[in-house]
Structure formats: C-alpha cells, structure tokens
Amino acid sequence: MLYYNNINLKYFERIPMKSNKLPVTVLSGFLGAGKTTVLSHILNNREGKRVAVIVNDMSEVNIDASIVKSDVSLNHSEEKLVEMSNGCICCTLREDLLLEVNRLATDGSFDYLLIESTGISEPLPVAETFTFADEDGVSLSDIASLDTMVTVVDAVNFSKDYEEAKYLQETGESLGEEDERSVADLLVDQVEFADVILVSKTDLVDEEHVANLTAILKSLNTSAKIIPINKGNIDIDEVLGTQLFNFEKAQLAPGWLKEMRGEHTPETEEYGISSFSYHARRPFHPQKFYNFLHTTENYGKLLRSKGYFWLASRPECAGQWSQAGGIAHYGYGGMFWKALPKSEWPEDEEYLASIEKQWMEPFGDMRQELVFIGQNLDEATITKTLDTCLLDDESLIKGVDYWRTLPDPFPRWEGL
C-alpha cells in the first residue's frame with residue numbers, strides 16, 4: 001500500500017440497501033452517447049412504476065430537461081422532473097442535490113429516482129455525493145440507497161473519441177479553465193465504475209463492430225453487465241431496482257486493478273484482447289524509463305495502462321502512471337512507507353497487515369507495479385524492455401547517493 005497525503009482510503013463505505021430508502025439509479029455517459037434517449041424510453045415504459053427524475057446539465061439552459069419534457073407527458077402523481085443546471089452534481093450542486101433527494105425521498109410518492117448526470121461528469125464522485133453530509137450531519141445515504149450505476153457508451157463514436165487524444169477543453173465542454181481531463185480519461189472512468197453498460201446506436205454499426213467494442217469494454221470493466229441497445233430501448237428492470245451497486249466492489253472493479261491483484265480474467269481471444277502486470281523490486285533508471293514511455297515503437301494497441309513506478313533518482317517516492325487511449329499522464333503518487341518513520345505509520349491493524357504483505361527486503365514496499373490492457377499486445381517485448389530500464393547490479397549497489405545523480409528528464413513533482 002502506498003502512502004497518500006490527501007486521500008482517506010477508508011472514506012468509501014458500502015451503503016446498505018434498505019427497503020425504506022428510495023433506490024437511486026445514476027445514468028452517465030459522454031456527450032451524445034444517448035442518455036436522454038434512454039431516459040425518455042424508461043419514462044415511456046414505466047409499467048406502473050413511479051419514477052422521479054433529476055436531470056443535471058452544465059449549460060445555462062437545461063437542454064436535456066427540455067427534451068424529456070417534450071418527449072414525455074408527466075403525470076405529476078407518478079413522476080417528478082427536477083432540473084439542476086449550470087453546475088456539476090459532484091461539486092457545486094451537492095447541497096442542492098441533498099435537498100432535492102431529501103424532498104423526493106420523504107415525499108413517499110416514488111418507487112425509484114433516476115439521476116441523469118452531465119456528459120462530462122465522472123460516476124465515482126457522483127456516487128460519493130451520497131456520502132456527503134450537510135452542516136447538520138444529514139447525508140443522502142440516510143434517505144436514499146445508491147442502487148445502480150449505468151453508463152451509456154456510443155457504439156459509433158466511442159473508439160474514435162477514446163483514441164483521438166483530445167482534451168475536454170478542446171471539445172468546448174469542461175468544468176472550467178482548470179479542468180485538465182482528456183476525453184479518454186472521462187470515458188474510461190465512466191466505463192470502469194459502471195454496474196451496467198448500455199452500448200447504444202447498435203443499429204448504426206455492424207455486429208462485428210459491436211462484438212469488438214464489447215470485448216474492449218469487458219477488458220476495462222470485468223464485472224459490469226453489458227447490454228447492446230438501439231433507440232434507447234432497454235428493459236427497465238435492467239437499470240431500476242437491481243441492487244447491483246456496492247461501493248467496496250465498485251472500488252475494485254476496474255480491470256487494471258484486478259490484474260494488479262493477480263486476479264487475471266482471460267479476455268476474448270477472437271479480438272486479441274489481453275492484459276498483464278509488470279512487477280519489479282528495483283528502481284528504474286529515470287532516463288531509460290522516460291525513453292520507454294515516449295517511444296514510438298509498436299507494442300500492440302494499448303487500450304489502458306495504469307500503476308506506480310519507482311525512479312532511482314527519487315528513491316522515496318512512487319510515481320503514478322495512467323494512460324487511456326491516446327492520452328497519458330504521470331506524476332507524484334505518494335511516499336513509500338519504507339521512506340517514512342514508523343511514527344507516521346497507521347495504527348490500524350488491518351492497514352499494517354496490508355503493508356506487511358507488500359514488504360520485501362531490502363527495499364520494503366518500494367517497487368514497480370504497472371498493468372497493461374490492449375489488443376495484440378507483445379507482452380514479452382514490453383516486459384523485456386522494462387527489465388532493461390531497471391538499474392543494473394553495478395548501479396544498484398552504489399546506493400541512493402549515486403542514484404540521485406542519474407540524469408532525470410521527468411518534470412519536477414509538485415510539492416517536492
């Protein structure tokens with residue numbers, strides 16, 4: 001386990017399902033994926049279920065809510081549409097959401113609540129909103145149960161958007177000037193945190209395309225239920241009242257993390273999708289590893305890679321690596337426990353046991369942990385190349401003072 005200065009690893013707690021709480025489905029998906037079409041279908045095919053809806057949109061005028069209103073004749077005894085504009089649920093609208101959900105839940109008039117989040121929101125922080133408490137200590141989890149996280153994936157444009165390496169700022173849709181996320185970052189976050197993935201617009205592509213996309217999605221999220229749809233047509237029992245959501249399970253769902261834990265899931269061989277993890281117990285030569293990350297050599301089609309790396313020139317620190325499609329990031333990941341005095345270690349026995357499990361002398365928990373997911377990956381060549389980036393025996397025994405003198409082209413990590 002790595003040490004993080006600003007992350008509470010115990011923050012995420014499972015929200016238990018109780019019958020007296022309003023079950024909530026969160027509908028996510030990138031701009032134009034078809035969320036509103038799915039929402040309209042659900043409202044037009046409720047089968048007697050009483051559904052409240054919250055539509056969140058980043059624009060001044062809530063376009064999605066207008067579409068829903070025009071497509072559906074709302075019976076106010078059975079449905080309630082709440083518009084929340086000009087803000088993201090997981091940040092500026094958290095308190096507003098708390099008030100609205102509290103009102104809908106205590107009203108007792110609804111069987112389900114469906115929240116359509118903005119196309120540039122990540123599902124995890126939206127889910128975290130259900131643990132957010134107001135100044136009186138009241139939380140959404142007291143009155144509502146997060147039931148299902150649904151992500152709509154555009155079968156026509158997902159692969160192009162994923163690989164294009166565009167930033168949200170370039171699309172004209174972002175959370176502001178400080179929003180540095182890429183489209184690929186957002187897409188993979190939406191896919192990895194889903195309980196149900198709806199592959200939309202399947203009538204506009206051939207079966208081979210859908211099958212290939214499905215295999216890619218399975219590699220990114222090994223546990224989600226993937227359902228091809230067209231024109232928003234979905235059995236509402238697949239997305240309402242499923243009781244699929246579980247915070248602990250969701251935190252461990254991404255395929256890269258399962259692979260890192262050694263829980264390898266064979267992927268569809270027909271499409272050449274595979275995954276593997278790289279582990280080592282000696283540091284990288286910074287220049288050699290930098291060259292590897294910036295190489296143009298073809299190792300196969302890399303869909304997703306993530307993990308931590310250890311540079312000899314920065315021996316106490318873990319670097320963090322994340323790549324999705326055509327966009328990649330690296331930076332400061334935290335301090336290794338080996339570099340910290342025992343007085344700063346946690347006191348929790350379970351946490352200490354997890355540190356001990358990762359410990360190996362002489363470097364303790366200092367290590368390389370990288371996971372790669374892709375199509376037709378050349379695992380042997382990637383592994384061999386990474387091995388050549390590790391310090392050789394002669395450099396290793398020279399010690400930390402020598403390591404710090406090695407050429408290091410990586411940018412300085414903020415705060416260090």
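Owing to the predicted nature of the structure, the values given are computational and were not obtained by experimental measurement. (Residues numbered from 1 in each chain as written. Predicted model: local features only at pLDDT ≥ 70, side-chain atom pairs only at ≥ 80, totals over all residues. Heavy atoms only, no water.)

K.L.:
So what exactly am I meant to see when it comes to the environment of Ile 355 here?
P.N.:
Mapped onto the secondary structure, Ile 355 falls in helix α12 (residues 349-358). According to the relative accessible area criterion, Ile 355 is buried, its value standing at 1%. When the C-alpha atoms of Ile 355 and Lys 338 are compared, they prove to be 9.7 Å apart, with 17 residues separating the residues in sequence. Excluding anything up to four places from it in sequence, Ile 355 contacts Trp 337, Trp 345 and Pro 346. (Helix = DSSP H or I, 4+ residues; strand = E, 2+ residues; numbered from the N terminus. Buried < 20%, exposed > 50% of the residue type's maximum accessible area, 1.4 Å probe, protein only. Contact = heavy atoms within 4.5 Å.)

K.L.:
So what exactly am I meant to see when it comes to the environment of Phe 284 here?
P.N.:
Considering the arrangement of structural elements, one finds Phe 284 in the loop between β8 (273-280) and α11 (286-293). Taking the C-alpha atoms as reference points, Phe 284 and Cys 389, separated by 105 residues in sequence, lie 5.4 Å from one another. Discounting residues that sit within four places of it in the chain, Phe 284 has contacts with Tyr 278, Phe 289, Phe 309, Trp 310, Leu 311, Ala 312, Gln 368, Leu 370, Leu 386, Cys 389 and Leu 390.

K.L.:
Just checking my understanding: could you explain the packing of aromatic side chains for this structure?
P.N.:
Note on aromatic pairs: each is described by the distance of the centres and the angle between the planes. Counting across every chain of the model gives 20 aromatic pairs. Note on Tyr 278 and Phe 284: the rings are 6.4 Å apart at their centroids and 15° apart in plane angle, and the pair reads as stacked. When sorted by exposure, Tyr 278 lands in the same class as Phe 284, which is buried. Site record: aromatic cluster; members linked through ring pairs are Tyr 278, Phe 284, Phe 289, Tyr 290, Phe 292, Tyr 299, Phe 309, Trp 321, Tyr 330, Tyr 332, Phe 410 and Trp 413. It is Arg 314 that lies over the ring of Trp 413; its NZ or CZ is 4.4 Å from the centre. Seen from the ring of Trp 345, Lys 342 lies directly overhead, with NZ or CZ sitting 4.8 Å from the centre. (Phe/Tyr/Trp six-rings, centres within 6.5 Å; stacked < 30°, edge-to-face > 60°. Lys NZ or Arg CZ within 6 Å of the ring centre and 35° of its normal.)

K.L.:
Is there a simple way to think about unusual backbone geometry in this case?
P.N.:
When glycine is set aside, most residues are seen to have a negative phi, and most peptide bonds are trans. A cis geometry characterises the amide bond from Glu 361 onward to Pro 362, with omega recorded as 10°. Here Pro 362 lies in the loop between α12 and β12 (368-375). Phi at Lys 201 is positive, roughly 60°, even though this residue is not glycine. What makes Lys 201 partly exposed here is its relative accessible area of 24%. Its identity is not glycine, yet Lys 231 carries a phi of approximately 55°, on the positive side.

K.L.:
What exactly am I supposed to notice about the pairing of strand β7 (residues 225-228) here?
P.N.:
A regular strand places its side chains on the two faces of the sheet in alternate fashion. As defined by bridge partners, strand β6 (residues 196-200) adjoins β7 across four bridges and the pair is classed as parallel. Counterpart to Leu 198 in the pairing with β7 is Ile 227. Regarding the hand of the β-α-β motif, the stretch spanning β6, helix α8 (residues 207-220) and β7 is right-handed. (Pairing = 2+ DSSP bridges. Right-handed = clockwise from strand over helix to strand, strands pointing away.)

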